[in-house]
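Survey of secondary and tertiary structure
Given next are the chains, with one letter for each unit.
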Amino acid sequence: MEKLNPVKKVNIICSKGAVEDVYAALIMANGAVMEGIETNVFFTFFGLDAIVKNRMDKLHTAVVGNPALRLPGGLRMPTLLGIIPGMESFTSWMMKGQMEKLDVPPVSEFLDLITAGGGKVYACKMTVDMFKMTMEDFSEHVSGILTVGEFYEHAAGEGSHIIFT
Amino acid sequence: MAQKTYAGVTVDVNEEGYFTDPSQWTIEIAVEIAKEEGIVLTDKHFAIMEFLRNRHNSGEALSIRSINHSGVIDVKTFYQLFPGAPLKKATKIAGIPKPASCV
């Protein structure tokens, strides 16, 4: 299918660290790589957890203040249930299990797939400074730490798009 | 439904050029489709296409992740063998439908 203005490059900013937020960014990124689209993913603020070695595969989903969260069977999950100890871990574990069934890999393996196809992964300089981290803390798939200005330089080009999640 | 002729054989394809009947596929046909895509097929290409065809025939969904579990090649090599959009190109050349998975 020939399109007039094809998407040639995507630059995805992942700013949140819950399971679903990170997966939204990674699925969009991996999908772009699979289409042969040049791909950059920029992790900032709490999204940074997705590239921190010892945190990336232990992400959680919010069980409090998440009005779309439902119990098995479709009933809305009452916020008060969310405060039960272990509820967040259990819900996160269930979510990851469901994703696994759809062949969605754990975060570390997802980064493997994205970079194997030529996608690039970056950390946000300001966040790295704020959380007092270094490249040592990050997955081997992280290409570097960028300032906002450098991110925009990487994003330059015709048919390039910026997606914020 | 559209038809296309490869290596002297007429096959049924959809509007995007994917086979609608994988049983019409032959190695000679694959070589011709690959040529259209600018790819010269090697043993490695055929090995991974065999994996894709088997997986399709057994009704399993195809994903980029499944390539790593193929035992034939890893994903990085897959991207090198079928540059650009590897899963789309490989399934087209392997004579099976375009994968409907998002991963």
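Remember, it's a predicted structure, so these values are computed and weren't measured experimentally. (Residues numbered from 1 in each chain as written. Chains lettered and ligands numbered in written order. Predicted model: local features only at pLDDT ≥ 70, side-chain atom pairs only at ≥ 80, totals over all residues.)

Concerning the overall build of chain B
What chain B contains, in helices and strands, is 5 helices and 2 strands. Here the C-alpha radius of gyration of chain B, 13 Å, is about what a compact globule of 103 residues would show, namely 13 Å. Along the longest, intermediate and shortest principal axes, the C-alpha atoms of chain B span 35 × 25 × 20 Å. Of all 103 residues assigned to chain B, the portion counted as buried reaches 32%. Excluding contacts between residues fewer than 6 apart, the proportion of contacts in chain B whose partners are at least 24 apart in sequence is 50%. (Helix = DSSP H or I, 4+ residues; strand = E, 2+ residues; numbered from the N terminus. Rg over C-alpha atoms; globule rule 2.2 N^0.38 Å. Buried ≥ 20, exposed ≤ 12 C-beta atoms within 10 Å, placed from the backbone. Contact = placed C-beta atoms within 7 Å.)

What about the overall build of chain A?
The helix and strand inventory of chain A stands at 5 helices and 5 strands. In terms of C-alpha radius of gyration, chain A reaches 17 Å, essentially the compact-globule figure of 15 Å for 165 residues. Principal-axis analysis of the C-alpha atoms gives chain A an extent of 50 × 45 × 25 Å. Considering only intrachain contacts with a sequence separation of at least 6, the fraction spanning at least 24 residues in chain A is 72%.

Description of the nonpolar core
Note on soluble globular proteins: their nonpolar side chains tend to be buried together. All names here are of chain A. Formed by 62 residues in total, the largest nonpolar core has its most connected members in V22, F43 and I51. Ranked by residue count, the leading element in this core is helix α1 (residues 19–34), at 9 residues. In this view, V22 contacts C14, G17, G47, A50, L59 and V107; residues no more than four positions away in its chain are not counted. (Core = buried A, V, L, I, M, F, W, Y, C linked by C-beta atoms within 7 Å.)

Structural notes on the packing of helix α2 (residues 43–57) of chain B against helix α5 (residues 86–93) of chain B
Residues and elements named next belong to chain B. Two elements in contact, α2 and α5, have axes separated by 10 Å at closest approach and are oriented at 85°. Taken as axis vectors, α2 and α5 run roughly perpendicular relative to one another. Residue-level contacts link I48, M49 and L52 of α2 to A90, T91 and I93 of α5. (Axes fitted to C-alpha atoms, helices over the stretch in contact; angles between N-to-C directions. Parallel < 35°, antiparallel > 145°, perpendicular 65-115°, else oblique.)

Comments concerning the interface of chain B and chain A
Taken together, the 15 residues of chain B in the interface contact 14 residues of chain A. Those elements that provide at least two residues to the side of chain B that touches chain A are α3 (64–68) and α4 (75–81) of chain B. The residue makeup of the side of chain B that touches chain A, split by class, is 8 nonpolar, 4 polar and 3 charged. (Nonpolar A, V, L, I, M, F, W, Y, C, P; charged D, E, K, R; others polar.)

Considering the packing of α1 of chain A against helix α3 (residues 107–116) of chain A
Helix packing for two helices is described by the angle between their axes and how far apart those axes are. Residues and elements named next belong to chain A. Close contact between α1 and α3 brings their axes to 9 Å; oriented N to C, the two are set at 25°. Of the possible angle classes, the one that applies to α1 and α3 is roughly parallel. The hand of the α1/α3 crossing is left-handed. When α1 is examined against α3, the residues V22, L26, A29, N30 and V33 are found in contact with a partner set consisting of V107, F110, L113 and I114. Residues belonging to the contact of α1 with α3 are distributed by class as follows: 8 nonpolar, 1 polar and no charged. (Left-handed = near helix turned anticlockwise from the far one by under 90°.)

What to know about the sheet that holds strand β2 (residues 38–43) of chain A
Residues and elements named next belong to chain A. In spatial order, the strands read β4-β3-β2-β1-β5; together these 5 strands make up an open sheet with parallel pairing. The outermost strands of the open sheet, each flanked by one partner alone, are β4 (142–146) and β5 (160–164). Averaged over all neighbouring strand pairs, the angle between strand axes comes to 20°, with direction disregarded. (Pairing = 2+ DSSP bridges.)

Concerning the environment of M95 of chain A
All names here are of chain A. Here M95 lies in helix α2 (residues 87–101). Exposure remark for M95: the 18 C-beta atoms within 10 Å place this residue in the partly exposed category. Distance in space between the C-alpha atoms of M95 and V19 is 8.2 Å, their sequence separation being 76 residues. The residues contacting M95, other than those within four sequence positions of it, are V19 and T61.

Comments concerning the confidence of the model for chain B
Residue-level pLDDT values for chain B average 93, and 100% of them are 70 or greater. Here the prediction assigns the complex a pTM of 0.93, and the interface score ipTM is 0.90. (pLDDT = per-residue confidence, 0-100.)

Observations regarding the environment of G47 of chain A
Residues and elements named next belong to chain A. By the element assignment, G47 lies in the loop between β2 and α2. Looking at G47, the number of C-beta atoms within 10 Å reads 24, which means it is buried. Considering only alpha carbons, one finds G47 and I13, 34 residues apart in sequence, at a separation of 8.6 Å. Excluding its chain neighbours within four sequence positions, the residues that come into contact with G47 are C14, S15, K16, G17, D21 and V22.

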